[in-house]
Amino acid sequence: MATSETPTRGYTATKDQLQTRLARIEGQVRGIDRMVADDRYCIDILTQISAVQAALDKVALGLLDGHVRHCVAEGTQEGKGEEMSTELMAAVGRLMRRG
């Protein structure tokens, strides 16, 4: 019988905190939807969108940190350092192109 073990990710240790942050962001997005439904002032909606983007950026930076400290470090030990670095830089590039 084959056992499938859940892999350890860079965010595994802080998964509960990550999910809490994401739930909070989800609530903020629902709030923006309500603001649009209620015909709120454009600048107020844009301010809330900016807050959501900042919160997502913070989540992304935390994930990147965990990825480098765990996944890239592990990959380097396994001889996949160049591949992992290329993958990481592509992800950072995608994050920076936003907007």
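The residue numbering used here restarts from 1 in each chain and proceeds along that chain's sequence as written. Per-residue local features are limited, in this predicted model, to residues with pLDDT of at least 70; the limit for side-chain atom pairs, both in listing and counting, is 80 or more; totals at the level of whole chains, interfaces and linings are taken over all residues. The side-chain quantities take in all heavy atoms of the structure and omit both hydrogens and water.

Within an unreviewed UniProt entry, the label attached to the chain reads Metal-sensitive transcriptional regulator, and the organism entered is Actinomadura montaniterrae. UniProt positions are given in the numbering used here, feature names are shortened, and annotations may be inferred rather than shown by experiment. Quoted straight from UniProt, the Sequence similarities (unreviewed entry) entry for the chain says "Belongs to the CsoR family."

A. Structural context of the overall build of the chain. If you tally the helices and strands in the chain, you get 3 helices and 0 strands. Strands here mean DSSP runs of E at least two residues long; helices mean DSSP runs of H or I at least four residues long; both are numbered from the N terminus. Written out in order from the N terminus, the α and β elements of the chain read α-α-α. In terms of overall size, the chain is more extended than a compact globule, its C-alpha atoms giving a radius of gyration of 18 Å where 99 residues would be expected to give roughly 13 Å. Its C-alpha atoms give the chain principal-axis dimensions of about 55 × 35 × 20 Å. Contact definition: two residues touch when any of their heavy atoms are within 4.5 Å. When contacts within the chain are restricted to residue pairs at least 6 apart in sequence, those whose partners lie at least 24 apart make up 55%. Accessible surface is estimated by sampling points in the Shrake-Rupley manner with a 1.4 Å probe; for residues, cover comes only from the protein chains shown. As presented, the chain carries roughly 7900 Å² of accessible surface, and 54% of it is formed by carbon and sulfur atoms. A radius of gyration in this sense is built from C-alpha atoms; the matching globule rule multiplies 2.2 Å by the number of residues raised to 0.38.

B. Representation of a nonpolar patch on the surface. Taken together, the side chains of Tyr41, Ile43, Leu46 and Ile49 present a nonpolar region at the surface, about 400 Å² in accessible area. Mapping Tyr41 onto the fold places it in the loop between helix H1 (15-37) and helix H2 (42-77). Like charges within 9 Å and nonpolar side chains (Val, Leu, Ile, Met, Phe, Trp, Tyr) within 5 Å are joined into patches, using only residues over 30% in relative accessible area that form no salt bridge. Salt bridge, as used here: a side-chain nitrogen of Lys or Arg that lies within 4 Å of a carboxyl oxygen of Asp or Glu.

C. The arrangement of the pattern of salt bridges in detail. Evaluation of the coordinates by the stated rule reveals 3 salt bridges. Arg30 is the partner of Glu26 in a salt bridge, and the nearest nitrogen-oxygen pair spans 3.4 Å. In this pair, Glu26 and Arg30 both sit in helix H1, 4 residues apart, roughly one turn of the helix. For the exposure calls, accessible area comes from a 1.4 Å probe over protein chains only, and a residue counts as buried if that area is under 20% of its type's maximum, exposed if over 50%, partly exposed in between. Exposure remark for Arg30: the relative accessible area of 45% places this residue in the partly exposed category. Between Lys80 and Glu78 there is a salt bridge, with its nearest N and O atoms 3.4 Å apart. For Lys80, a relative accessible area of 35% translates into the label partly exposed.

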